[in-house]
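# Chains, contacts and geometry: an overview
Spelled out, the chains give:
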Amino acid sequence: MGRGRAKAKQVKVARQLKYNSGGTDLERLRAELGVVDEDDSGHSDEHDPYDELADRYADYAAVDDEDDDDNGRSGRR
């Protein structure tokens, strides 16, 4: 029999969440998620780990491209 008061409170809270959600601090959310501004995207002084990988495997890509050229020419004769 005491469910009416609990249900009314839940309805009140649900309405507050639905209609009064304008207080979101977007800057704080952006900082929490670690989003980088578009202005700062290409001007970072931090070390990019992908640069090291690209340098390490660039030689393999060049060798692979040469092999493809050789195989393509001999197959067309």
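## Considerations on the overall build of the chain
Looking only at helices and strands, the chain features 3 helices and 0 strands. Taken from N to C terminus, the helices and strands of the chain fall in the order α-α-α. Expressed as a percentage of the 77 residues in the chain, the buried residues total 0%.

## Here we look at a nonpolar patch on the surface
A contiguous nonpolar surface patch, about 390 Å² in accessible area, is contributed by L26, L29, L33 and V35. Positionally, V35 belongs in the loop between α2 (26-33) and α3 (49-75).

## Quick notes on the pattern of salt bridges
One pass over the structure, following the stated rule, counts 3 salt bridges. The partner of R30 in a salt bridge is E27, with the nearest N and O atoms 3.2 Å apart. With R30 and E27 both in helix α2 and 3 residues apart, the pair spans about one turn of that helix. Across the salt bridge formed by E52 and R56, the nearest N and O atoms sit 3.2 Å from each other. With E52 and R56 both in helix α3, this residue pair falls 4 residues apart, about one helical turn. Look at E52 and you get partly exposed, because its relative accessible area is 43%.

## Regarding the confidence of the model for the chain
When pLDDT is averaged along the chain, the result is 76; 71% of the residues meet or exceed 70. By mean pLDDT, α3 is the weakest element of the chain at 71, and helix α1 (residues 3-19) is the strongest at 91.

## Notes on α1
Taking 1.5 Å per residue, 17 residues should reach 24 Å; α1 reaches 24 Å between its end C-alpha atoms and fits that length. Across the 17 residues that make up α1, only a small minority, 0, are buried.

Scoring rules and cut-offs
- Residues numbered from 1 in each chain as written.
- Predicted model: local features only at pLDDT ≥ 70, side-chain atom pairs only at ≥ 80, totals over all residues.
- Heavy atoms only, no water.
- Helix = DSSP H or I, 4+ residues; strand = E, 2+ residues; numbered from the N terminus.
- Buried < 20%, exposed > 50% of the residue type's maximum accessible area, 1.4 Å probe, protein only.
- Patch = residues over 30% accessible without salt bridge, like charges linked within 9 Å, V, L, I, M, F, W, Y side chains within 5 Å.
- Areas by Shrake-Rupley, 256 points an atom, 1.4 Å probe, with all protein chains shown as cover.
- Salt bridge = Lys/Arg side-chain N within 4 Å of Asp/Glu carboxyl O.
- pLDDT = per-residue confidence, 0-100.
- Expected span 1.5 Å × (residues − 1).

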